[in-house]
Amino acid sequence: MTGIYYSDLFVINNIGCLVMGVGKSKTCRNFAGDNTKEIGVDSIRLEKGDGDLWGYADPTMGFIPFNKYEAQFSKIQFLFRMLNEEETNRFKCSSITEINK
């Protein structure tokens, strides 16, 4: 899963969150505050290291040489996939608890 992804990277409550899908930036920015930090949007490079997955913003999307050691890295602990309205309506459950069964 290494490479550059069209995704956002936020740290929310000290947890690295990779966010993909519809409305990703707007949703995470709604959590803005002391416990939320935006690392980068739309161009996140992922790398494996020490048995973990790490991410950082790569604004060049790999087209221009970029010194990754100047970037702020975050350990990815959660992956969120935001659904659009059509995708959301495909779920036939009435609550999150039904998904977890």
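Right above here is the structure, for reference.
Residues numbered from 1 in each chain as written. Predicted model: local features only at pLDDT ≥ 70, side-chain atom pairs only at ≥ 80, totals over all residues. Heavy atoms only, no water.

**Student:** An account of the side chain of S7 is needed here, citing residue identities and associated values.
**Tutor:** Tracing the backbone through its elements, the reader meets S7 in the loop between β1 (3–5) and β2 (8–12). Not counting the four nearest positions on each side in its chain, S7 is found in contact with L18, V19, M20, K24, V41, D42, S43 and I44. (Helix = DSSP H or I, 4+ residues; strand = E, 2+ residues; numbered from the N terminus. Contact = heavy atoms within 4.5 Å.)

**Student:** I'd like a description of the packing of aromatic side chains, backed by residues and values.
**Tutor:** A complete count under the given rule lists two aromatic pairs for this structure. On the numbers, 4.5 Å between centres and 40° between planes, the contact of Y56 with F73 is tilted. In this pair, Y56 sits in strand β6 (residues 52–57) while F73 sits in the loop between β6 and β7 (74–82), placing the two residues 17 residues apart along the sequence. Note on Y56: relative accessible area 2%, which makes it buried. Lying over the aromatic face of Y6, K24 brings its terminal NZ or CZ to 4.3 Å of the ring centre. (Phe/Tyr/Trp six-rings, centres within 6.5 Å; stacked < 30°, edge-to-face > 60°. Buried < 20%, exposed > 50% of the residue type's maximum accessible area, 1.4 Å probe, protein only. Lys NZ or Arg CZ within 6 Å of the ring centre and 35° of its normal.)

**Student:** Talk me through the pattern of salt bridges; I want residue IDs and the actual numbers.
**Tutor:** Any two side chains of opposite charge can pair if their charged atoms end up close together. All told, the structure shown has four salt bridges when counted by the stated rule. Measuring nitrogen to oxygen at the nearest pair gives 2.7 Å for the salt bridge that ties D42 to K24. Taken together, the residues span a long stretch of sequence, with D42 in the loop between β4 (36–40) and β5 (44–49) and K24 in helix α1 (residues 24–29) at a distance of 18 residues. The buried category is assigned to K24, whose relative accessible area is 4%. (Salt bridge = Lys/Arg side-chain N within 4 Å of Asp/Glu carboxyl O.)

**Student:** Explain the sheet that holds β6 residue by residue, including any values.
**Tutor:** Taken in spatial order, the seven strands make up an open sheet running β1-β5-β6-β7-β3-β2-β4, and their pairing is mixed. Bordering the open sheet on either side are β1 and β4, each of which pairs with just one other strand. Recorded for the sheet is a direction-independent mean angle of 40° between the axes of neighbouring strands. Pairing geometry for β2 and β4, over four bridges, is antiparallel. Of the residues in β4, the one forming a bridge with L9 is G40. (Pairing = 2+ DSSP bridges. Axes fitted to C-alpha atoms, helices over the stretch in contact; angles between N-to-C directions.)

Treat this as a map of the structure, not an account of what it does.
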